[in-house]
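If you want the building blocks of each chain, they are given just below.
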Amino acid sequence: MCSSLNNEKVYFRQNGFKHLLYKGREVRKPSDQIRRLRLLRQVRNIVASHEVLIEYRKSRNKFGTQHYWALKKRIKSKLVTVVIRQLNMGEKHFYSVFS
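Residues numbered from 1 in each chain as written. Predicted model: local features only at pLDDT ≥ 70, side-chain atom pairs only at ≥ 80, totals over all residues. Heavy atoms only, no water.

Chemist: Account for the confidence of the model for the chain, with residues named and values stated.
Modeler: Mean pLDDT over the chain stands at 92; residues scoring 70 or higher make up 99%. Considering each helix and strand of the chain separately, the mean pLDDT is smallest for helix α1 (residues 14-21), with a value of 91, and largest for strand β2 (residues 26-27), with 96. (pLDDT = per-residue confidence, 0-100. Helix = DSSP H or I, 4+ residues; strand = E, 2+ residues; numbered from the N terminus.)

Chemist: Report on helix α2 (residues 30-48), specifying residues and quantitative values.
Modeler: With 19 residues, α2 should cover 27 Å at 1.5 Å per step; its first-to-last C-alpha distance of 29 Å lies within 8% of that length. Helix geometry: α2 is bent most strongly at Arg41, by close to 50°. Against the buried residues of α2 lie α1, β2, β4 (64-75), β5 (78-87) and β6 (92-98). (Expected span 1.5 Å × (residues − 1). Bend = angle between axes of the 7 residues up to and from the residue. Contact = heavy atoms within 4.5 Å.)

Chemist: Please provide a residue-by-residue account of the side chain of Thr65, values included.
Modeler: With respect to the secondary-structure elements, Thr65 resides in strand β4. Apart from residues no more than four positions distant in its own chain, Thr65 is found in contact with Lys58, Ser59, Arg60, Gln86, Leu87 and Asn88.

Chemist: I'd love a proper account of the pairing of β6, names of residues and values included.
Modeler: Side chains on a regular strand alternate between the two faces of the sheet. Most of β6 is tucked away: six of the seven residues are buried. In terms of strand pairing, β5 meets β6 through six bridges, oriented antiparallel. In the strand pairing of β6, Ile84 is matched with Phe94. The hairpin turn running from β5 into β6, its antiparallel successor, is four residues long, and Asn88 in that turn takes a positive phi close to 50°. (Buried < 20%, exposed > 50% of the residue type's maximum accessible area, 1.4 Å probe, protein only. Pairing = 2+ DSSP bridges.)

Right under this line is the structure:
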């Protein structure tokens, strides 16, 4: 459940994990992959937290509307961002994490 998004469910699917390893069809640099994978342990905490800064963005393409929420929280000295995506009116799902 995502406290910051009206307690809606956020699903963790293969496409979010794949996005940590790839950017489009290109493989991310190993150092970038490792950094993102290490941040995974923070995702649940950030998604469940009330104390996050939220940025929203919407885009459209030939497949429909894409909604993105960036949940930002400072952990120690780093600003960690978790991206939640929704395609059209589908389920919200984890899409990325970075700092």
